[in-house]
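Geometric and topological summary
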Amino acid sequence: MKIEEGYLYHISQDFFELVNDPNLQINHSGVHSRPSYFLVKDGKLLWFIPLSSKVSKYKKIMNEKKSKYGKCNTILITKIANKENAILIQNAFPTLPKFLSHPHTVNGKSYRVPSGIQKEIEFNFKELINLKSRGINLFFTNIDKIEDMMHKILDEENTK
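These notes cover the structure that comes with them. Note that the structure is predicted; figures quoted are calculated from it, not measured. (Residues numbered from 1 in each chain as written. Predicted model: local features only at pLDDT ≥ 70, side-chain atom pairs only at ≥ 80, totals over all residues. Heavy atoms only, no water.)

Tallying secondary structure elements over the protein chain gives four helices and nine strands in all. Its helices and strands taken in sequence order, the protein chain reads β-α-β-β-α-β-β-β-β-β-β-α-α from the N to the C terminus. Relative to its length of 160 residues, the protein chain is compact, with a C-alpha radius of gyration of 15 Å against a globular reference of 15 Å. The dimensions of the protein chain, computed from C-alpha atoms along their principal axes, are 50 × 45 × 30 Å. Within the protein chain, counting contacts between residues at least 6 apart in sequence, those at least 24 apart form 71% of the total. (Helix = DSSP H or I, 4+ residues; strand = E, 2+ residues; numbered from the N terminus. Rg over C-alpha atoms; globule rule 2.2 N^0.38 Å. Contact = heavy atoms within 4.5 Å.)

Let's shift gears to the side chain of Lys 132. Tracing the chain through its elements places Lys 132 in helix α3 (residues 115-133). Of the polar contacts made by the side chain of Lys 132, one reaches the side chain of Asp 144; its length is 2.8 Å. In this structure Lys 132 touches Asn 137, Phe 139, Ile 143 and Asp 144, once residues within four positions along its chain are discounted. (Polar contact = N/O pair within 3.5 Å; in protein donor to acceptor, adjacent residues only side chain to side chain.)

This brings us to helix α2 (residues 55-69). Its 15 residues place the ends of α2 20 Å apart at the C-alpha level, agreeing with the 21 Å of an ideal helix rising 1.5 Å per residue. Considered for burial, the residues of α2 that qualify are Val 55, Tyr 58 and Met 62. The arc enclosing the buried residues of α2, seen along the axis, measures out at 70°, which places them on a common side. For α2, the exposed residues set more than 90 degrees away from the buried face come down to Ser 56, Lys 60, Ser 67 and Lys 68. (Expected span 1.5 Å × (residues − 1). Buried < 20%, exposed > 50% of the residue type's maximum accessible area, 1.4 Å probe, protein only. Arc of directions from axis to C-beta.)

Moving on, we get to the pairing of strand β2 (residues 37-42). Pairing analysis gives two bridges linking strand β1 (residues 8-11) to β2, with the strands arranged antiparallel. Among the inter-strand pairings, Tyr 9 is bridged to a residue of β2, identified as Tyr 37. Counted along the chain from β2 to the antiparallel partner strand β3 (residues 45-52), the turn is two residues long, and its residue Gly 43 has a positive phi close to 65°. (Pairing = 2+ DSSP bridges.)

Moving on, we come to the nonpolar core. Ile 11, Phe 15, Phe 48, Phe 93 and Met 150 are the most contacted members of the largest nonpolar core, which has 21 residues in total. Mapped by element, the contributors of at least two residues to this core are β1, α1 (13-19), β2, β3 and α4 (143-158). Element by element, the count of residues in this core is highest for α4, at four residues. Val 40, Leu 51, Leu 76 and Leu 128 belong to the second-largest nonpolar core, a separate cluster that totals 20 residues. (Core = buried A, V, L, I, M, F, W, Y, C linked by side-chain atoms within 4.5 Å.)

Given below as structure tokens:
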């Protein structure tokens, strides 16, 4: 499977069982596995940002953050694949290609997020990473723990 930035993917259940982080989005399965994740590459790690269809829930949270802080860079609401989605940057996490299940498809084709939306997601994601490096952690998941786990897996694979 070709893995490209700006596309949506689904993550395998193996990843969620391995990481066992209660703050990760629940990996639903059925006719369509959910959620879909937007991909940002960072070296050997892949960062995934979940999308949610619970737009009204996240609009309320966004409005509260905007009232309190003057802005909200942890959640974006926009149309992706002709549906309004909440893009939960605050729920981003790193993983490896081996934990990808499959690309998200629309009409049988892998779905690429429009470039303007990609840039907005990536800008806010980088802003949250920069804030974290300065001691302000706005991520819900334990990204340090997950990052360490992924690097350990990479190290083990490289010594084989």
